[in-house]
Amino acid sequence: MTGSPQPDPVTLATLQTMSQRGEKIACLTTYDASFTRLLEDAGVDMFIIGDSLGMVVMGYESTVPVTLDDMLYCAANVARAGQTAWRVVDLPSGSYETPGQALASARRLVEEGGAHMVKLEGGVDRVAVVEHLVSHDIPVCGHVGLLPQSVEEYGGYKVQGRDAAGAGAILADARALQQAGVGMLVVECVPASLAEQISAAMQVPVIGIGAGAACDGQVLVLYDMLGITAGKLPRFVKDFLQEHGSVHAAVAAYVRAVRDGSYPA
Ligand code: KIV
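Small disclaimer: the values here were computed from a predicted structure and weren't measured.

Engineer: Mind laying out the side chain of Lys-119, listing which residues take part and the relevant values?
Structural biologist: Among the secondary structure elements, Lys-119 is positioned in strand S4 (residues 117–121). On the accessibility criterion, Lys-119 (4% relative accessible area) is buried. Within polar-contact distance, the side chain of Lys-119 engages the side chain of Asp-90 at 2.7 Å. If we ignore the near neighbours within four places in the chain, the residues touching Lys-119 are Ile-48, Val-88, Val-89, Asp-90, Leu-91, Cys-141, Gly-142, His-143 and Val-186.

Engineer: Could you give me a rundown of the site of the ligand, with the residues and numbers involved?
Structural biologist: Surrounding the ligand, one finds Thr-29, Gly-50, Asp-51, Ser-52, Asp-90, Lys-119, His-143, Val-186 and Val-219. Within the side chain of Asp-51, an N or O atom sits 3.1 Å from an oxygen atom of the ligand. Ser-52 places a side-chain nitrogen or oxygen 2.5 Å from an oxygen atom of the ligand. Its free accessible area being 250 Å², the ligand has 96% of it covered by the protein chains. For the shell around the ligand, the class distribution of residues is two nonpolar, four polar and three charged.

Engineer: Provide a residue-level description of the sheet that holds strand S1 (residues 25–29), including the pertinent values.
Structural biologist: Read once around its circumference, the closed barrel built from eight strands follows the order S1-S2-S3-S4-S5-S6-S7-S8, with strand pairing classed as parallel. On average, each strand axis in the sheet is tilted by 25 degrees relative to the strand beside it, whichever way the strands run. When strand S2 (residues 46–49) meets strand S3 (residues 86–90), the two strands line up parallel, connected through four bridges. Residue pairing across strands places Phe-47 opposite Arg-87, the latter belonging to S3.

Engineer: Explain the packing of helix H8 (residues 164–180) against helix H9 (residues 192–201) to me, and be specific about the residues and the numbers.
Structural biologist: Following both chains from N to C, one finds H8 and H9 inclined at 25 degrees, their axes separated by 10 Å at the closest point. In terms of orientation, H8 and H9 fall into the roughly parallel class. H8 and H9 meet at a crossing whose hand is right-handed. On the side of H8, the interface is formed by Ala-167, Ile-170, Leu-171, Ala-174, Arg-175 and Gln-178, while H9 contributes Leu-194, Gln-197, Ile-198 and Ala-201. For the contact of H8 with H9, the residue count by class is seven nonpolar, two polar and one charged.

Engineer: Before we move on, can you summarise the pairing of strand S7 (residues 206–209) with the specific residues and values?
Structural biologist: Looking along a regular strand, one sees side chains alternate from face to face of the sheet. Taking every second residue as pointing to the same face, both faces of S7 are buried, with Val-206 and Gly-208 on one and Ile-207 and Ile-209 on the other. Sheet analysis places strand S6 (residues 184–188) next to S7, joined by four bridges and oriented parallel. Bridging from a neighbouring strand, Glu-188 pairs with Ile-209 of S7. Handedness of the crossover joining S6 and S7 through H9: right-handed.

Engineer: Give a detailed account of the environment of Ile-170, specifying residues and quantitative values.
Structural biologist: Note on placement: Ile-170 falls in helix H8. Note on Ile-170: relative accessible area 8%, which makes it buried. Placed 124 residues apart in sequence, Ile-170 and Met-46 show a C-alpha to C-alpha distance of 24 Å.

Engineer: Can you lay out helix H12 (residues 247–259) for me, pointing to particular residues and giving the numbers?
Structural biologist: Structurally, the α-helix is built with 3.6 residues per turn, so residues lying three or four positions apart point the same way. The end-to-end C-alpha distance of H12, which contains 13 residues, comes to 18 Å, matching closely the 18 Å that a straight helix rising 1.5 Å per residue would cover. Within the sequence span of H12, burial applies to Ala-250, Val-251, Ala-252, Ala-253, Tyr-254, Val-255, Ala-257 and Val-258. Buried residues belonging to H12 abut S1, helix H2 (33–41), strand S8 (217–220), helix H10 (222–225) and helix H11 (240–244).

Engineer: Residues and numbers for the state of the cysteines, please.
Structural biologist: Under the definition given, this model contains zero disulfides. You can see Cys-189 has no disulfide; the closest cysteine sulfur is in Cys-215, sitting 12 Å from it. Cys-215 gets classed as buried once you look at its relative accessible area, which sits at 0%.

The rules behind the values
- Residues numbered from 1 in each chain as written.
- Predicted model: local features only at pLDDT ≥ 70, side-chain atom pairs only at ≥ 80, totals over all residues.
- Heavy atoms only, no water.
- Helix = DSSP H or I, 4+ residues; strand = E, 2+ residues; numbered from the N terminus.
- Buried < 20%, exposed > 50% of the residue type's maximum accessible area, 1.4 Å probe, protein only.
- Polar contact = N/O pair within 3.5 Å; in protein donor to acceptor, adjacent residues only side chain to side chain.
- Contact = heavy atoms within 4.5 Å.
- Near = heavy atom within 4 Å.
- Areas by Shrake-Rupley, 256 points an atom, 1.4 Å probe, with all protein chains shown as cover.
- Nonpolar A, V, L, I, M, F, W, Y, C, P; charged D, E, K, R; others polar.
- Pairing = 2+ DSSP bridges.
- Axes fitted to C-alpha atoms, helices over the stretch in contact; angles between N-to-C directions.
- Parallel < 35°, antiparallel > 145°, perpendicular 65-115°, else oblique.
- Left-handed = near helix turned anticlockwise from the far one by under 90°.
- Right-handed = clockwise from strand over helix to strand, strands pointing away.
- Expected span 1.5 Å × (residues − 1).
- Disulfide = S-S within 2.5 Å.

Written out as structure tokens, the structure is:
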């Protein structure tokens, strides 16, 4: 740790201003207190306490088996340690099937898990849920493109929106979510040209993962960018630890690379 003075907490307004000024937002996933402290010290603006924890922490094959209690455990770990970064927590699969169920789940993530914002996957099909959450003052982040909770339907982790019909549907999802009131959008594994179109159409910050450089910010799964996730990784993942020698230096290098636009290349 550097012991530098504590910066002001990042708010949604901070992230909105960064995106309007063209300043890139550096985001990583985190699931525990120690990484959370280190990541904040290295300059990360925003955390996603993602249901990717099911794969990288719990050893499942996908995010589908992750429960609300699993999310609450990790979100609370992060909230106890977190001082500055904006915290987005995933609503896990099966926890937001109806507006009422989504509100009950989201309230627990905020009240017990210290979430600043909850994230859910889907588009046009989730409008009623998003509107219900927003009308009850729960900030919502949408997630379009590759939806890991639907991986069994796709038959694997594949780039989405490659043809005109697929791209149009993802753009329509993004627009519908914005209309419903999301305060942020994650776009996963789509062609860079589609992510650019989505970013241009959105007034809220757009965070990309495997979606090219045009988004307002980037996110990676922490264990992927440290090279400790087992198995084959998507091509967009870069192992920052290999080049930088310590976890702190690797994360600081990631933050610099996102900010100066050198990642993703
Ligand atoms: O679960 C997750 O880690 C995510 C990604 C977008 C980072 O949702």
